[in-house]
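Report on the structure
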Amino acid sequence: MIEYLLRWMLVLAFAFVAGKLMAKIKMPSILGWLIAGMALGPHAVGLMPQAVLDAGWYKTIIMWMQCAFGVMLGTELLWKKLRSYGKALVVTTLTQSLGTFLLTSLAFGIIFSWTKVPISLAFVFGGIALATAPAPALSIVNEFHTKGPVTDTLLPMTVLDDVVGIVVFFTVNSLMARQVSEGSISLFMIPVMILLPIIIGVAVGLPTGMLLKKHLGKAATLAVLLGGITVTMLTGWLLNTFLLSGITLNYMLMGVSFAAAFANLVSPERLEEISNVFSPVLSISLLAAIVDLGAPLNYHLILGAGLYTFLYILSRALGKYFGAMFGAKITKMPNPVKKYLGLTLLPHSGVSLVFTGIICSTLASAPQFVQIIQGTIAAASILNEFIAVIAAKKGFELAGEIQ
């Protein structure tokens, strides 16, 4: 374990340096982190082998860090701020999420009707496509200190998008399971997967907020915050391991709920102090999360990318961009949001790989379908992430929000 821990820390150090090099050429650091993760992961140099990715201690640390970067999102979910967005935020989230699901499903439905693949499989690609991976966009917000209407809309939308993604994907997963096998996640478990992380986060966040309201020093503030994140993660892990072993709870959503609970209890000035104290931990958490995103990616799959891969990337991008534009337009959101929000919603890999693993397990009795899904999403996750990170940075730049 010690050897693997040292290997992982060395990979993080290399990724940090790679990020600095990217920043030197005016590119987001996340690109360096992704490249380092992929280059040093099990499919390339192997400094961080598959044994590390599969280790229990490593998965536990990543769970904690998912909770930790969820805190950044949660501190933006202030009731007063959300009330000013209200209907516009919800409508735009639904138009870009469901628009992506429908457009991707339609595109694959048409091509599958020609290639004699069951059209029902098209909805699998739509279900995987609609979700947005929060870590890449958050890393750009954190690195470039973006500020403005696009940033203010994106951060809470990422949380709502996650909820919509869970509902749609697991509904599709359950319906596909009924077609090909006996095993399935019950439709009744979907509300549990959404509500339980929120309940856990709020239950820990409220008492943490009462402590953080006091004028503590920097060290004490950080200790309370780290303790709250740890209790949140451990509570979720215990429930997930011993009561709900058939599903995976969303640890980022726990972190979001935890932070939203205490953020609405403290004053704006105190919240800024807390955010400043937490900033170094957030930076490390984002670095580790992006390296974890890049490590499983096999660069050899880029060579095998075919029509399905490019169709997936294109239909998803069009769904996100025009879905966001349509929702922002009908709800009269600011012009930068109408024009550029869709570009910031393109990062996707982490969520797509998780959803792909789940649906492939569901369709294990139909290996011909599994092969189509795995080959398409694996290649798309690599190509899309590099395109998406550059597009997201450009979106913030065009909106005039990079400080």
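Refer to the structure above for everything that follows.
Parameters at a glance
- Residues numbered from 1 in each chain as written.
- Predicted model: local features only at pLDDT ≥ 70, side-chain atom pairs only at ≥ 80, totals over all residues.
- Heavy atoms only, no water.
- Core = buried A, V, L, I, M, F, W, Y, C linked by side-chain atoms within 4.5 Å.
- Buried < 20%, exposed > 50% of the residue type's maximum accessible area, 1.4 Å probe, protein only.
- Contact = heavy atoms within 4.5 Å.
- Phe/Tyr/Trp six-rings, centres within 6.5 Å; stacked < 30°, edge-to-face > 60°.
- Axes fitted to C-alpha atoms, helices over the stretch in contact; angles between N-to-C directions.
- Helix = DSSP H or I, 4+ residues; strand = E, 2+ residues; numbered from the N terminus.
- Parallel < 35°, antiparallel > 145°, perpendicular 65-115°, else oblique.
- Left-handed = near helix turned anticlockwise from the far one by under 90°.
- Expected span 1.5 Å × (residues − 1).
- 1 Å grid on protein atoms, 1.4 Å probe; cavity = no way out; pocket = protein on both sides within 12 Å on 5 of 7 lines; lining within 4 Å.
- Points joined across faces, edges and corners; volume = space filled by probe spheres on them.
- Polar contact = N/O pair within 3.5 Å; in protein donor to acceptor, adjacent residues only side chain to side chain.
- Patch = residues over 30% accessible without salt bridge, like charges linked within 9 Å, V, L, I, M, F, W, Y side chains within 5 Å.
- Areas by Shrake-Rupley, 256 points an atom, 1.4 Å probe, with all protein chains shown as cover.
- Salt bridge = Lys/Arg side-chain N within 4 Å of Asp/Glu carboxyl O.
- Nonpolar A, V, L, I, M, F, W, Y, C, P; charged D, E, K, R; others polar.

Let's shift gears to the nonpolar core. Taken as a class, soluble globular proteins show a tendency for nonpolar side chains to be buried jointly. Formed by 91 residues in total, the largest nonpolar core has its most connected members in Trp8, Met48, Tyr58 and Phe262. In contact with phenylalanine 262, not counting residues within four places along its chain, are Val71, Thr75, Gly205, Thr208, Gly209, Leu212, Leu225, Leu271 and Ile274. Formed by 38 residues, the second largest nonpolar core is a distinct cluster that contains Phe112, Ile194, Tyr312 and Cys360.

The next subject is the packing of aromatic side chains. Here the structure, examined in full by the defined rule, presents 14 aromatic pairs. For the ring pair tyrosine 321 and phenylalanine 322, a centre distance of 5.2 Å and an interplane angle of 90° mean the geometry is edge-to-face. Using a relative accessible area of 23% as the deciding quantity, one classes tyrosine 321 as partly exposed. Put simply, the rings of Phe108, Phe112, Phe125, Tyr308 and Tyr312 pair up and form one aromatic cluster.

Bringing the packing of helix H14 (residues 307-330) against helix H17 (residues 367-398) into the picture now. For the pair H14 and H17, interaxial distance at closest approach is 8 Å and the crossing angle is 55°. It follows that H14 is oblique to H17 by the angle criterion. The two elements H14 and H17 meet at a crossing, and its hand is right-handed. Contacts between H14 and H17 involve Tyr308, Thr309, Phe310, Tyr312, Ile313 and Arg316 on the former and, on the latter, Ile372, Gly375, Thr376, Ile377, Ala379, Ala380, Leu383 and Asn384.

Next up on the list: helix H11 (residues 218-242). For H11, spanning 25 residues, the distance from its first C-alpha to its last is 36 Å, which sits close to the expected 36 Å at 1.5 Å a residue. Regarding H11, the residues found buried are Thr221, Leu225, Gly228, Ile229, Thr232, Met233, Gly236 and Asn240. Contacts from the buried residues of H11 go to helix H4 (56-74), helix H10 (189-212), helix H12 (251-263) and helix H13 (268-294).

With that out of the way, let us pick up the layout of surface pockets. A volume near 1300 Å³ is recorded for the second largest pocket. Every residue lining the second largest pocket is counted, 44 residues in all, and those nearest its centre are Met72, Thr75, Glu76, Asn142 and Ser275. Of all the secondary-structure elements, those providing two or more residues to the lining of the second largest pocket are helix H1 (2-24), helix H2 (29-40), H4, helix H5 (79-85), helix H8 (134-144), helix H9 (149-180), H12 and H13.

This brings us to the side chain of aspartate 161. Along the chain, the position of aspartate 161 falls in helix H9. By relative accessible area, which is 0% here, aspartate 161 ends up buried. Engagement of the side chain of aspartate 161 in a polar contact is seen with the side chain of serine 97, the distance being 2.4 Å.

Turning our attention to unusual backbone geometry. Positive phi outside glycine occurs at lysine 116, with the angle close to 65°. Inspection of the secondary structure puts lysine 116 in the loop between helix H6 (87-115) and helix H7 (120-129). If you check the backbone angles, histidine 145 has positive phi at about 50° while not being a glycine. Residue histidine 145 is classed as exposed on the basis of its relative accessible area of 54%.

This next bit is on the environment of serine 267. With respect to the helices, strands and loops of the structure, serine 267 is situated in the loop between H12 and H13. With 55 residues separating them in the primary sequence, serine 267 and leucine 212 have C-alpha atoms 10.0 Å apart.

Before going further, it helps to spend a moment on a nonpolar patch on the surface. A contiguous nonpolar surface patch, about 720 Å² in accessible area, is contributed by Leu103, Leu106, Ile110, Trp114, Leu314, Leu318 and Phe322. Of all the elements in the fold, those that place two or more residues in the nonpolar patch are H6 and H14. You can see phenylalanine 322 is positioned in helix H14.

By secondary structure assignment, the location of serine 97 is in helix H6. The class of serine 97 is buried, set by a relative accessible area of 0%. Excluding its chain neighbours within four sequence positions, the residues that come into contact with serine 97 are Leu130, Asp161, Val164 and Lys320.

What follows deals with the environment of glycine 46. Inspection of the secondary structure puts glycine 46 in the loop between H2 and helix H3 (50-54). Once the C-alpha coordinates of glycine 46 and alanine 295 are considered, the two residues, 249 residues apart in sequence, prove to be 9.3 Å apart. Beyond its immediate chain neighbours, meaning those up to four positions away, glycine 46 contacts Arg7, Ala39, Leu40 and Gly41.

One way to put it is that H8 packs onto H17 with a least axis distance of 10 Å and a crossing angle of 40°. Taken as axis vectors, H8 and H17 run oblique relative to one another. In the crossing of H8 with H17, the sense of the turn from one axis to the other is right-handed. Contact residues: H8 offers Pro136, Ile140, Val141 and Phe144, while H17 offers Glu385, Val389, Ala392, Lys393 and Phe396. Split into classes, the residues belonging to the contact of H8 with H17 amount to seven nonpolar, no polar and two charged.

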